[in-house]
Protein chains: 2
Amino acid sequence: MTEIEKLTGGRPVAIVGAGLVGAGWAVVYARAGLRVKVFDTNPEITAKAIPLIRSQLVGLHRHGLVQEDPATIVARVSTVDTLAEAVEGVAYVQESVLERVDVKRGLMEQLDALAGPDLIVGSSTSGIPGSAFALGLGLSPRVLIVHPVNPPYLVPVVELVPSPETSQQTLAFADRLMQAVGQTVVHVRKEVEGFVLNRLQAVLLREAWALVEEGVASCEDVDKTVRDGLGWRWSFMGPFETIDLNAPGGVADYAQRLGGLYQRIADSRRHEQPWGQPLIGQVEAERREYLSQADLESRRAWRDERLMAFAAARKHPI
Amino acid sequence: MTEIEKLTGGRPVAIVGAGLVGAGWAVVYARAGLRVKVFDTNPEITAKAIPLIRSQLVGLHRHGLVQEDPATIVARVSTVDTLAEAVEGVAYVQESVLERVDVKRGLMEQLDALAGPDLIVGSSTSGIPGSAFALGLGLSPRVLIVHPVNPPYLVPVVELVPSPETSQQTLAFADRLMQAVGQTVVHVRKEVEGFVLNRLQAVLLREAWALVEEGVASCEDVDKTVRDGLGWRWSFMGPFETIDLNAPGGVADYAQRLGGLYQRIADSRRHEQPWGQPLIGQVEAERREYLSQADLESRRAWRDERLMAFAAARKHPI
């Protein structure tokens, strides 16, 4: 029996919320061999889901990132018209509805009424902790945050964030399921805003914007330092491994040598307010020198092609 | 006439300071076709330089990152025994001596005495602004910081940081030279500590360490969010381009939607002090679970192999 069969007992999974994130998840589960039921409260979104999933799979296949025929994979995915049908007989629900506490709470209450005794629910939310919408229900021990990176079928990190009521068995199930479908699991042990990934991105962005605001560098030059500099090593080594290798004696040596400098740099600003209007306008104008508004869409397509090529190359790193 | 011949008039360049960084620069200049004279005040370092350069070129050749026979390239590099011989008849000096203000100032004074009227000097310093060691000399308008990423023959970003006395012609020369030898130029317009790249790394590291200290995630899981998450897009897109593509309306749209969140995240800490001893010990211990001290060296070799593979793949991205 495969790991997935052990975990699910052969049952399908449900996608609730079939926008970009939900459709991306459907790709992840279906290509791993699972049957997938897709539901959205908006029938127009539901109607677009399978064509979207199919086109994503075609792209993956073209880059050698799935071996099966896309049609075979898509055949595992079906759409349903009600939440009850979606949840009926499934092992797991991946929730990717609107980022609103009231919407998520409403859904949890519905799932609480519909769920069998061992249904597990993962929420894709990036910004709303489980404590804000998932407590105090019979279902609560079986709910946690399962937060992907966009798009989940290309970029493997998933952050698992339990609420105080999430059980250890739920966390263990989600960990095993995510690994079985090919994702990389990160355990976020406290419900901090932004979890881990978005916190790292946030602080880097705050510094990047401040450097532009101060006239230290242009947006494009800041971007170069990452895409032709920092991003190279961070594409296969995290920040701790990077510095562990960057001083003769390892990370403690590095920390002794450079800790003071990094403290001064990080402490050299107070972020008094969110990015304000003249600055946003300046950054927008600088970006438009390189990419017109009309070209955003095609640039996203270019980005996804590059990500797929990166993923394919990653499979055979040396 | 090639761009390099126009810039140098066929003259060589000099490497002053022949440790890892200087030797890395020698590879960059020699593979671009320049003759290179290498000098170090420590004859033991000088003696190791050409073997080091040769071994780096062999690795690059193996990965298809240089087409010429390494022996042909190495033949352009010679070592000399005095600073005067190093500087004689060269167009440009790349300085990579100790990161100490007194050492760099002493060298600038010597170069001031030896230099012809159009010699240009680039300093590899990562932490000492030109204002600290390069002002008030006849040479000063022709000195600037030319700060590489390690290793410069793999990772192309170079930060150019003029002092208040650096002339525009010097800056233009350095920009053209760096591009002619295949580097990516970033203009740092103010002498801020850490320039751009190390400031971005610094703030990300401060947040990463704080998350570990607070028990939000392990070092390894923080690393995963970067190497299997953020690092994927940052390997070919900078942070501004990334967010420009991540909201429907582009970067201004993104800033309106997420600016408040990022402000709260960045402002959620005060960095009161450098990383202290219990925390450094904890991070060291967590890293040692994954990599023993004895394996640091071989892991660096693995890293350099991966970087070369990345660089080779980068040449043919789709």
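Residues numbered from 1 in each chain as written. Chains lettered and ligands numbered in written order. Predicted model: local features only at pLDDT ≥ 70, side-chain atom pairs only at ≥ 80, totals over all residues. Heavy atoms only, no water.

Asker: Just checking my understanding: could you explain the overall build of chain A for this structure?
Answerer: What chain A contains, in helices and strands, is 13 helices and 8 strands. Evaluated residue by residue, chain A yields a buried proportion of 59% over its 318 residues. Here the analysis covers contacts within chain A between residues at least 6 apart in sequence; of these, 69% occur between residues at least 24 apart. Put simply, chain A shows about 12,100 Å² of open surface, and 52% of that area lies on carbon and sulfur atoms. Here chain A contributes 33 positively and 39 negatively charged side chains, and the mean placements of these two sets differ by 4 Å. (Helix = DSSP H or I, 4+ residues; strand = E, 2+ residues; numbered from the N terminus. Buried < 20%, exposed > 50% of the residue type's maximum accessible area, 1.4 Å probe, protein only. Contact = heavy atoms within 4.5 Å. Areas by Shrake-Rupley, 256 points an atom, 1.4 Å probe, with all protein chains shown as cover. Lys, Arg positive; Asp, Glu negative; His and termini not counted. Charge placed at Lys NZ, Arg CZ, Asp CG, Glu CD.)

Asker: Would you mind going over the relation of the copies chain B and chain A with me for this structure?
Answerer: Turning one copy of the chain about an axis and sliding it along that axis gives the other copy, so a rotation and a shift relate them. For the pair chain B and chain A, the best superposition has an RMSD of 0.1 Å and corresponds to a rotation of 180 degrees with a translation of 0.0 Å parallel to the axis. Taken together, the turn and the small shift mark the pair as related by a two-fold rotation axis. (Least-squares fit on C-alpha atoms with pLDDT ≥ 70 in both.)

Asker: So what exactly am I meant to see when it comes to the pairing of strand 5 (residues 120-123) of chain B here?
Answerer: Regular strands place side chains that alternate from one sheet face to the opposite one. Residue and element names in this part refer to chain B. Where burial is concerned, the two faces of strand 5 agree: the one with Ile120 and Gly122 and the one with Val121 and Ser123 are both buried. Pairing of strand 4 (residues 92-95) with strand 5 involves 4 bridges; the strand directions are parallel. Across the sheet, the residue bridging to Gln94 is Gly122, located in strand 5. Crossover strand 4 to strand 5 through helix 6 (residues 101-114) is right-handed. In the sheet, strand 5 pairs with strand 6 (residues 143-148) via 3 bridges, with the strands oriented parallel. The residue bridging Ser123 from the neighbouring strand is Ile145, located in strand 6. (Pairing = 2+ DSSP bridges. Right-handed = clockwise from strand over helix to strand, strands pointing away.)

Asker: Hey, could you run me through the sheet that holds strand 6 of chain B in this one?
Answerer: Hydrogen bonds between backbone atoms are what pair the strands of a sheet, whose relative direction is either parallel or antiparallel. The sheet built from 8 strands is open, its strands ordered 3-2-1-4-5-6-7-8 (chain B) with mixed pairing. Strands at the two margins of the open sheet, each flanked by one partner only, are strand 3 (77-79) and strand 8 (184-187) of chain B. This sheet shows a mean twist of 25 degrees between the axes of neighbouring strands, independent of strand direction. Across the sheet, helix 9 (residues 219-234) of chain A lies against strand 7 (157-162) and strand 8 of chain B, angled at about 145 degrees from strand 8 of chain B, the strand it touches most. The strands that helix 2 (residues 20-31) of chain B touches are strand 1 (13-16), strand 2 (36-39), strand 3, strand 4, strand 6 and strand 7 of chain B; relative to strand 1 of chain B, the one it contacts most, it runs at about 165 degrees. (Axes fitted to C-alpha atoms, helices over the stretch in contact; angles between N-to-C directions.)

Asker: Could you clarify how one ought to interpret the packing of helix 9 (residues 219-234) of chain B against helix 12 (residues 277-290) of chain B in this entry?
Answerer: Angle between the axes and distance between the axes are the two parameters that describe a pair of packed helices. Residue and element names in this part refer to chain B. Contact pair helix 9 / helix 12: the axes reach a minimum separation of 9 Å and the direction vectors enclose 70 degrees. It follows from the interaxial angle that helix 9 and helix 12 lie roughly perpendicular. Residue-level inspection shows Cys219, Glu220 and Asp223 of helix 9 in contact with helix 12, the latter providing Val283, Glu286, Arg287 and Tyr290. When grouped by side-chain class, the residues that make up the contact of helix 9 with helix 12 number 3 nonpolar, no polar and 4 charged. (Parallel < 35°, antiparallel > 145°, perpendicular 65-115°, else oblique. Nonpolar A, V, L, I, M, F, W, Y, C, P; charged D, E, K, R; others polar.)

Asker: Explain the pairing of strand 6 of chain B here, please?
Answerer: Residue and element names in this part refer to chain B. In terms of burial, strand 6 is a largely internal element, 6 of the 6 residues being buried. Residues Val143, Ile145 and His147 of strand 6 are buried on one face, and the alternating residues Leu144, Val146 and Pro148, pointing to the opposite face, are buried as well. Bridging between strand 6 and strand 7 involves 5 bridges; their strand directions are antiparallel. Residue pairing across strands places Pro148 opposite Val158, the latter belonging to strand 7.

Asker: What should I look at first to understand the interface of chain B and chain A in this one?
Answerer: Much of the literature gives interface size as the accessible area that the parts lose upon coming together. On the chain A side, the residues contacting the 114 residues of chain B number 114 residues. When chain B packs against chain A, close to 10,900 Å² is buried across both sides, 66% of that on carbon and sulfur atoms. On the chain B side of the contact with chain A, Trp232(B), Phe236(B) and Phe240(B) bury the most area, a combined 8% of that side's loss. Taken together, the links from chain B to chain A amount to 8 salt bridges. (Buried area = accessible area lost by both parts, 1.4 Å probe. Salt bridge = Lys/Arg side-chain N within 4 Å of Asp/Glu carboxyl O.)

Asker: So what exactly am I meant to see when it comes to the sheet that holds strand 6 (residues 143-148) of chain A here?
Answerer: All names here are of chain A. With mixed pairing, 8 strands are arranged side by side in an open sheet as 3-2-1-4-5-6-7-8. Looking along the sheet, the strands with just one partner apiece sit at the ends: strand 3 (77-79) and strand 8 (184-187). Averaged over neighbouring strand pairs, the angle between their axes works out to 25 degrees when direction is ignored. Summarising the sheet, strand 2 (residues 36-39) and strand 3 pair through 3 bridges and their orientation is parallel. Bridge assignment links Lys37 to a residue of strand 3, and that residue is Ser78. Relative to strand 1 (residues 13-16), helix 2 (residues 20-31) is tilted by about 165 degrees, and along the sheet it contacts strand 1, strand 2, strand 3, strand 4 (92-95), strand 6 and strand 7 (157-162).

Asker: Which parts of the structure should I look at to understand unusual backbone geometry?
Answerer: All names here are of chain A. Look at the link from Asn150 to Pro151: it is a cis peptide, with omega at -5 degrees. Backbone geometry at Phe195 places phi at a positive 55 degrees, although glycine is not the residue there. When you line up the elements, Phe195 lands in the loop between strand 8 and helix 8 (197-213).

Asker: How should I be thinking about the pattern of salt bridges in this particular structure?
Answerer: Oppositely charged side chains can pair when the atoms bearing their charge come close. Residue and element names in this part refer to chain B. Evaluation of the coordinates by the stated rule reveals 32 salt bridges over all chains. One salt bridge connects Lys104 with Glu95, and the closest N-O pair in it is separated by 2.5 Å. Residue Lys104 is classed as buried on the basis of its relative accessible area, which comes to 1%. The exposure class of Glu95 is buried, given its relative accessible area of 0%. Taking the shortest distance from any N to any O, the salt bridge between Glu284 and Arg288 comes out at 3.0 Å. You can see Glu284 and its partner Arg288 sitting in helix 12, 4 residues apart, about one turn around the helix. Looking at Glu284, the relative accessible area reads 15%, which means it is buried.

Asker: Just checking my understanding: could you explain the nonpolar core for this structure?
Answerer: The nonpolar side chains of a soluble globular protein tend to be buried, and buried together. Judged by nonpolar contacts, the single largest core of 180 residues is most densely connected at Tyr29(A) and Tyr29(B). Setting aside chain neighbours within four positions, we find Tyr29(B) in contact with Val13(B), Ile15(B), Leu34(B), Val36(B), Tyr92(B), Gln94(B), Leu177(B), Met178(B) and Val181(B). (Core = buried A, V, L, I, M, F, W, Y, C linked by side-chain atoms within 4.5 Å.)

Asker: Explain the side chain of Glu220(B) here, please?
Answerer: Residue and element names in this part refer to chain B. Considering the arrangement of structural elements, one finds Glu220 in helix 9. For Glu220, a relative accessible area of 12% translates into the label buried. The residues contacting Glu220, other than those within four sequence positions of it, are Arg227, Arg287 and Tyr290.

Asker: Explain the domain arrangement of chain A here, please?
Answerer: Residue and element names in this part refer to chain A. Domain boundaries in chain A define domain 1 (3-187) and domain 2 (197-314). With centres defined by C-alpha atoms, the gap from domain 1 to domain 2 works out at 30 Å. Each side of the interface is counted separately: domain 1 has 13 residues, and domain 2 has 9 residues. Here domain 1 packs against domain 2, burying approximately 850 Å² in sum over the two surfaces, 66% of which is carbon and sulfur. Of all residues in domain 1, His63, Leu65 and Leu154 give up the largest surface area on contact with domain 2, accounting jointly for 50% of the area buried on that side. Taken together, the connections running from domain 1 to domain 2 amount to 0 salt bridges. Across the domain 1-domain 2 interface, the total number found is 1 residue pair in polar contact (both at pLDDT 80 or more). The set of elements that each furnish at least two residues to the side of domain 1 that touches domain 2 consists of helix 3 (43-62) and strand 7. (Domains from an automatic or database assignment. Polar contact = N/O pair within 3.5 Å; in protein donor to acceptor, adjacent residues only side chain to side chain.)

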